[in-house]
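Residues per chain, in single letters:
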Amino acid sequence: MMATHMATKMVKKKKVFVGLSGGVDSAVSAALLQHDYDVTGVFIKVWSPDFLPCTWREDRLDAMRVCAYLDIPFITLDLEKEYKQDVVDYMVLEYKKGRTPNPDVMCNKQIKFGAFYEFARKQGADCIATGHYIQKFEKRNLKNEIQYTLKEAEDDAKEQSYFLWNIKKEQLPHVLFPIGGFQKEHVRKLAKKFGLPNAEKKDSQGLCFIGKVDMKEFLSHFITEKEGSVLDVKGNVIGKHPGVTFFTIGQRHGFTTFNTDTKSKPLYVVEKNIQKNTITVSSLKKEDLKDLLIDSFHLSQTNWMEEPKEDILYNIRLRYHQTPIKGTIKQHGEVFTVQLNSPVPGISIGQSAVFYRENIMIGGGIIEA
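Cut-offs applied
- Residues numbered from 1 in each chain as written.
- Predicted model: local features only at pLDDT ≥ 70, side-chain atom pairs only at ≥ 80, totals over all residues.
- Heavy atoms only, no water.
- Salt bridge = Lys/Arg side-chain N within 4 Å of Asp/Glu carboxyl O.
- Helix = DSSP H or I, 4+ residues; strand = E, 2+ residues; numbered from the N terminus.
- Buried < 20%, exposed > 50% of the residue type's maximum accessible area, 1.4 Å probe, protein only.
- Arc of directions from axis to C-beta.
- Contact = heavy atoms within 4.5 Å.
- Pairing = 2+ DSSP bridges.

(A) Quick look at the pattern of salt bridges. Here the structure, examined in full by the defined rule, presents 16 salt bridges. A salt bridge links Asp59 to Lys201, with the nearest nitrogen and oxygen atoms 2.9 Å apart. Of this pair, Asp59 sits in helix α3 (residues 56-70) while Lys201 sits in the loop between α6 (184-194) and α7 (215-219); the two residues are 142 residues apart in sequence, bridging distant segments of the chain. Across the pair Asp203 and Lys184 runs a salt bridge, and its minimum N-O distance is 2.8 Å. With a gap of 19 residues between them, Asp203 in the loop between α6 and α7 and Lys184 in helix α6 connect regions that are remote in the sequence. You can call Lys184 buried: its relative accessible area is 10%.

Right, here's the structure in full:
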């Protein structure tokens, strides 16, 4: 009996590197994993613009405090160069082209599940973990092989699968999402129960790692303003704007109109013309949008955890927290075409389209014309 007990105690735990942002979600993730894993906390240092308040030192200190409290090793991983090149430069270039990129998607692809993932594996980690709100499940098929699926998180308000469609299928055995099955309120309670030093810290908002920023203000440091016209859906000039590259489809601020009637309905950007430097706005009346409705588009840079089938009606998200739209996917060689059941106004070229079979995320791609 004694020998068996000793052998059980000596079983080596798998090693996991947890990406610690300094926030509550990743801290709770590390605490939850301690029972079954050999945990190391990793703070990722990224590029920070000199025209924004510097918060990374404070966040790093919070991450260090969590590691000290949990008595786990702490590492600072400098990915400043990679973040500037693969996230910021990419985002600015896309905006210059008149497209609407999603920097959080690119951050997850290139930084968290790119450079950080590769670093952890080279350092001998069996897997990485993050504080994302998404769930991973595994099951065995008829050949007794383990298959992995990613599902939407339990907390609808915090659900983040839309930003994670770029995770590679082969990475799934090596990634963990400890809090994906919890409500945020429960995560807060766990932070207090564990006594974590950052249990009361507020959630961060905005651009991945950098935080809450005004996108126009951010882009204005890289893109020169060029005044252009605001049009209604009939092509009449009704206002002006500082530059078409600063706008996204669906945006309702940042431009001015000559009509000063405060009782008029809000106007939303429904079309952009990069060559003419114009934006078209509408109050989203059905009769105004009939010529702007889109029911199909192509995809680029696709990534699939489950190969799409033409006979399945998928739930499709074209933006974060959007109510899913039904549609199908057809493949012609390397080209994927999406057909929506119901047309929608103003799809943003450059944004992500993410596909679900019920609540299982099967993959996604970048929206093209």
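Right, picking up where we left off after that structure.
(B) Expanded view of α6. Considered for burial, the residues of α6 that qualify are Lys184, Val187, Arg188, Leu190 and Ala191. Each buried residue of α6 sits inside an arc of 160° when the element is viewed along its axis, so together they form one side. In this structure, α6 carries Glu185, Lys189, Lys192 and Lys193 as exposed residues pointing more than 90 degrees from its buried face. Residues of α6 that are buried in the fold lie against α2 (24-33). Looking one or two residues beyond α6, the residue adopting positive phi is Gly195, at roughly 75°.

(C) Structural context of the pairing of strand β18 (residues 360-368). Most of β18 is tucked away, with nine of its nine residues classed as buried. Sheet topology note: the strand β6 (residues 146-152)/β18 ladder contains two bridges and is antiparallel. When the bridges of β18 are listed, Leu150 appears paired with Met361. As judged from the five bridges shared by strand β13 (residues 293-304) and β18, these two strands associate in the antiparallel manner. Pairing of Trp304 across the sheet is with Gly363, part of β18. Alignment of strand β17 (residues 352-357) against β18, held across six bridges, turns out to be antiparallel.

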